[in-house]
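# Understanding the architecture of this molecule
As a plain string of letters, each chain reads:
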Amino acid sequence: MTDPLATDPPVDRDFPATTPALTFDSGGATLRGVLHVPAGRGPHPVVVLLHGFPGNERNFDLAQVLRRAGYASLVFHYRGSWGVGGSWSWSHVLQDTAAVVAGLREHEPAAAHRLDPRRLALIGHSLGGFAALMTAAADPSIAAVASVAGFDFGAVAALCRDDPGLRARYVEAFEGGVGPLRGTSGEALVEEMEAAGQTWRLAGLAPLLADRPVLLVGTSLDAVTPHDVHHGPVVQAYRAQPVEKLEHHVFATDHALSDHRVRLARTVLSFLEQCR
């Protein structure tokens, strides 16, 4: 076996590695993604990588590492972002994630790209971590789920209700990220988060994830998702359930894991290999 962080796998001329562009319909919008297909006959397990808000870091480094390790990995943009049609909202992110999962399970793309949709995992960063956990909780057939510096919208909504000053800072912060998005604003995003309230609290998902592998990675130098708000309480709730196959870490790094990308990749690979 080669090291997927350091070495390309052998070339397979009959079943080569490919990087096709795929599209998915969600809410009348056409989502655009890139699939990283490994070499080999397959069928290959599938990992959907879910990026955060607004999508500056898309985790293509993880996509390439996963492909070299034998996983087909998909990266895509949600509707209303980066030129994709439709309007942006947190709810649309959840709907789009479910639509992409359903699309990858259809016979035609699975057969064309040598995919095994029965072995499909979700890995998300920040907003994507929230979407990964929420989607897996709603879909018991998702094999495994990982959240990296996940954003707990339910926890933040409760804090905003109790602190108008904090609420105003979130409005300002979200407004600062809407440049590549359409059809939304900082105020609209905070209002949507508040309306969802406890239904978007990640700790509450524990009973729905109790029998599946779950990876939670927190970040201790992170001003966006401080681990004492977004990570520690979720770990505590999942351990109490218990979520039997829970793995959790806190890395001393920033929100983008800027200086921990190799460690993140090795952690994700180790987690997925245990799920195979």
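Relevant structure appears above.
Turning to the overall build of the protein chain, a few remarks are in order. Looking only at helices and strands, one finds 11 helices and eight strands in the protein chain. Since a compact globule built from 276 residues should have a radius of gyration of about 19 Å, the 18 Å found for the protein chain is in line with a globular shape. Along the three orthogonal principal directions, the C-alpha set of the protein chain runs to about 60 × 40 × 35 Å. Within the protein chain, the proportion of its 276 residues that are buried is 55%. Considering only contacts within the protein chain whose residues lie at least 6 apart along the sequence, 71% involve residues at least 24 apart. Here the protein chain has roughly 11700 Å² of accessible surface; of this, 53% comes from carbon and sulfur atoms.

Before going further, it helps to spend a moment on the packing of aromatic side chains. If you walk through the whole model with that rule in mind, you get 15 aromatic pairs. Taken together, a centroid distance of 5.4 Å and an interplanar angle of 65° make the contact between Phe53 and Trp90 edge-to-face. Linking Phe53 in the loop between β3 (44-50) and α1 (60-68) with Trp90 in helix α2 (residues 90-105), this pair joins segments that are 37 residues apart in sequence. Note on Trp90: relative accessible area 1%, which makes it buried. Taking 6.2 Å as the distance between ring centres and 75° as the angle between the ring planes, the aromatic pair formed by Trp88 and Trp90 counts as edge-to-face. Using a relative accessible area of 2% as the deciding quantity, one classes Trp88 as buried.

Read from one edge to the other, the open sheet built from eight strands follows the order β1-β2-β4-β3-β5-β6-β7-β8, with strand pairing classed as mixed. Of all strands in the sheet, those with a lone pairing partner are β1 (21-26) and β8 (246-251), marking the two edges. The mean inter-strand angle of the sheet, taken between neighbouring strand axes irrespective of direction, is 20°. In this sheet, β8 lies alongside strand β7 (residues 214-219) in parallel orientation, the contact comprising six bridges. Looking at the pairing, Val214 lines up with Leu246 of β8.

Once that is clear, we can look at α1. Structural remark: α-helix, 3.6 residues per turn; residues separated by three or four positions point the same way. Every buried residue belonging to α1 is among Leu62, Ala63, Val65, Leu66 and Arg67, and all of these are buried. At its buried positions, α1 is contacted by β2 (29-36), β3, β4 (72-76) and α11 (261-275). The positive-phi residue at the C-terminal boundary of α1 is Gly70, with phi of around 100°.

This paragraph deals with the nonpolar core. Counting residues in each nonpolar core, the largest one holds 61 residues, and the members touching the most others are Trp90, Leu104, Leu133, Met193, Leu209, Val214 and Tyr238. Top element by residues in this core is helix α4 (residues 127-138). It accounts for eight residues. Setting aside its immediate chain neighbours within four residues, Leu209 contacts Leu133, Ala136, Ala137, Val145, Val214, Tyr238 and Val243. Counting 24 residues, the second largest nonpolar core, distinct from the first, contains Leu49, Val65, Val75 and Phe251.

Among the 11 residues that make up strand β5 (residues 115-125), eight are buried, leaving the element largely enclosed by the rest of the structure. Bridging between β3 and β5 involves six bridges; their strand directions are parallel. Residue pairing for β5: Val47 is matched across the bridge by Ala121. Note: β5 against strand β6 (residues 144-148), five bridges, orientation parallel. Each bridged residue has a counterpart across the sheet, and for Ile123 the counterpart in β6 is Ala146. Handedness of the β5-α4-β6 crossover: right-handed.

Basis of the calculations
Residues numbered from 1 in each chain as written. Predicted model: local features only at pLDDT ≥ 70, side-chain atom pairs only at ≥ 80, totals over all residues. Heavy atoms only, no water. Helix = DSSP H or I, 4+ residues; strand = E, 2+ residues; numbered from the N terminus. Rg over C-alpha atoms; globule rule 2.2 N^0.38 Å. Buried < 20%, exposed > 50% of the residue type's maximum accessible area, 1.4 Å probe, protein only. Contact = heavy atoms within 4.5 Å. Areas by Shrake-Rupley, 256 points an atom, 1.4 Å probe, with all protein chains shown as cover. Phe/Tyr/Trp six-rings, centres within 6.5 Å; stacked < 30°, edge-to-face > 60°. Pairing = 2+ DSSP bridges. Axes fitted to C-alpha atoms, helices over the stretch in contact; angles between N-to-C directions. Core = buried A, V, L, I, M, F, W, Y, C linked by side-chain atoms within 4.5 Å. Right-handed = clockwise from strand over helix to strand, strands pointing away.

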